[in-house]
Amino acid sequence: MPRRRIETTKVDHLLDELLQDASSPEEILGEQGLLKQLTKRLMERALAAELSHHLTQEHQTQSSEGEAPPKRNSRNGYSKKTVKGELGELEVSIPRDRQSTFDPIILPKGERTLRGLDEKILALYARGNGVRDIQACLEELYGIEVSPSLISQVTDAVSDEVRQWQNRPLDALYPIVYLDALHVKVRDAGKVSTQAVHIALGINMEGNKEVLGLWMSQNEGAKFWLQVLTELKNRGVQDIFIACVDGLTGFPDAIATVFPQTKVQLCIVHLIRNALRYVSWKDRKAVAADLKPIYKASTVAEAEAALDAFAQKWDQSYPAISALWMRHWENVIPFFDYPEDIRKVIYTTNAIESLNRSLRKVIKTKGAFPSPDAVFKLLYLALNNIAKKWTKPILNWNAALARFAIEFPDRFPL
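Summarised in this report is the structure supplied together with it.

Thresholds, definitions, all that
Residues numbered from 1 in each chain as written. Predicted model: local features only at pLDDT ≥ 70, side-chain atom pairs only at ≥ 80, totals over all residues. Heavy atoms only, no water. Helix = DSSP H or I, 4+ residues; strand = E, 2+ residues; numbered from the N terminus. Polar contact = N/O pair within 3.5 Å; in protein donor to acceptor, adjacent residues only side chain to side chain. Contact = heavy atoms within 4.5 Å. Axes fitted to C-alpha atoms, helices over the stretch in contact; angles between N-to-C directions. Parallel < 35°, antiparallel > 145°, perpendicular 65-115°, else oblique. Left-handed = near helix turned anticlockwise from the far one by under 90°. Nonpolar A, V, L, I, M, F, W, Y, C, P; charged D, E, K, R; others polar. Buried < 20%, exposed > 50% of the residue type's maximum accessible area, 1.4 Å probe, protein only. Pairing = 2+ DSSP bridges. Expected span 1.5 Å × (residues − 1). Phe/Tyr/Trp six-rings, centres within 6.5 Å; stacked < 30°, edge-to-face > 60°. Lys NZ or Arg CZ within 6 Å of the ring centre and 35° of its normal.

Here the focus is the side chain of Arg 411. Looking at the secondary structure, you find Arg 411 in the segment after helix 18 (397–407). Within polar-contact distance, the side chain of Arg 411 engages the backbone oxygen of Gln 261 at 3.4 Å. Setting aside residues no more than four positions away along its own chain, Arg 411 makes contact with Leu 173, Asp 239, Ile 240, Phe 241, Gln 261 and Thr 262.

The packing of two helices is summarised by the inter-axis angle and the distance between the axes. As a packed pair, helix 12 (residues 300–314) and helix 13 (residues 319–327) sit with axes 8 Å apart at the nearest point and diverge in direction by 160°. Overall, the two elements helix 12 and helix 13 adopt an arrangement that is roughly antiparallel. Crossing geometry of helix 12 relative to helix 13 is assigned as left-handed. Side by side, helix 12 and helix 13 meet where Leu 307, Phe 310, Ala 311 and Trp 314 of the first sit next to Pro 319, Ile 321, Ser 322, Trp 325 and Met 326 of the second. Of the residues assigned to the contact of helix 12 with helix 13, the class counts are eight nonpolar, one polar and no charged.

On to the pairing of strand 3 (residues 173–188). Within strand 3, 12 of the 16 residues are buried, which leaves it mostly tucked inside the rest of the structure. Bridge analysis of strand 3 against strand 6 (residues 239–245) gives six bridges, and the strand direction is parallel. What sits directly across from Ile 176, in strand 6, is Ile 242. Sheet topology note: the strand 3/strand 4 (residues 191–203) ladder contains 13 bridges and is antiparallel. Among the inter-strand pairings, Val 184 is bridged to a residue of strand 4, identified as Gln 195. Linking strand 3 to strand 4, which pair antiparallel, is a turn of two residues; within it Ala 189 sits at a positive phi near 55°.

Take the environment of Tyr 338 next. Tracing the sequence through the fold places Tyr 338 in the loop between helix 14 (329–332) and helix 15 (340–346). In this structure, Tyr 338 is in contact with Ile 242, Arg 343, Ile 346, Arg 403, Phe 404, Glu 407 and Phe 408, ignoring residues within four places of it in sequence. Polar contacts involving the side chain of Tyr 338 include one to the side chain of Glu 407, which spans 2.7 Å.

Time to look at helix 11 (residues 281–295). The terminal C-alpha atoms of helix 11, which comprises 15 residues, lie 22 Å apart, in line with the 21 Å expected from a rise of 1.5 Å per residue. Within helix 11 the residues assigned to the buried category are Asp 283, Val 287, Leu 291, Ile 294 and Tyr 295. Residues of helix 11 that are buried make contact with helix 10 (268–276), helix 12, helix 13, helix 14 and helix 15.

On to the packing of aromatic side chains, then. As enumerated under the stated definition, the model contains 10 aromatic pairs in all. One aromatic cluster is present, formed by Phe 241, Tyr 338, Trp 397, Phe 404, Phe 408 and Phe 412 through successive ring pairs. Cation over ring: Arg 284 sits above Trp 281, and NZ or CZ is 4.4 Å from the ring centre.

Here it is, written out as structure tokens:
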């Protein structure tokens, strides 16, 4: 019989013995039930084993140094600690050593929650739940009473992760980078203001999505975007083939300064939305239909002809629309260099729009964040959840990559 089968049979036999005297769910899952007692005993056994290993390693290290060893460390009784976990509160006996050098891994010094509970708190927080909601969920699901200070302690520990993530090294090349923003309300000095959280979403050489960073500001412009792009370059980004943006003020000038070879592609979806703001409800459907020949054209010349035809038809009623498209024309036309299937990859910020929709679901229940740090903390955890679904390259990526290799031969890595 295979070894794994023997071990499984032994475990089943032990469980049968333990359960034969348990006649009710309360005796298994209750406050003094079998599961809780097993968890306590297992943790105490694991802690005792950790201390034995620690004392052995410490003695071997001292002996190998060749000097007169100090007085050998040894066990020194136990201390009691009440910890919170999925089964409620557990009073655990923590073994001590005489020289106080033992810091257990399974339950580090200062910890009052088991790691499973921390993960539950962070998962609930990442989905936009407030402190009271998290308290209610944990009490309802696990019968655990958790204080607001404990929840804050667990979530505050994420702040260091956020700082490391925001400053991590990046790839040298991202063929496509999308930039967009969502807006949140933040309390500052007793006043609530609306601030923009800017998100840079990169597509790496494998075609996988990667959020490069988050930045918050009240006023955006060339100076702000120059700072963001300089930060990306300092973190290792040396080149971007195409930057897809939604018409953010000052971005084309800023990117030309930091990444002068990068093509700026305006998001057509955003441009259409902005154009329709000038249109009455009764004309919106017709105007949208007449804009379609512009961005569906096969060539730049065909698109220019379609724009002229649109202006002749609609300028008398809505002159601002054709003026808007002409003003941004240089940033509209880069995608005409590509065939239809690749245009779908680059001409719209659908990739980041999808990301923002998911983030808005998380922040929609928030009235106002107490600080910018709270915004970054929540969005970082939410992004981690969202990124778990990014398991495949974006659609038509191989075709797009082959086209980039032809168009940017000197910049394309071998």
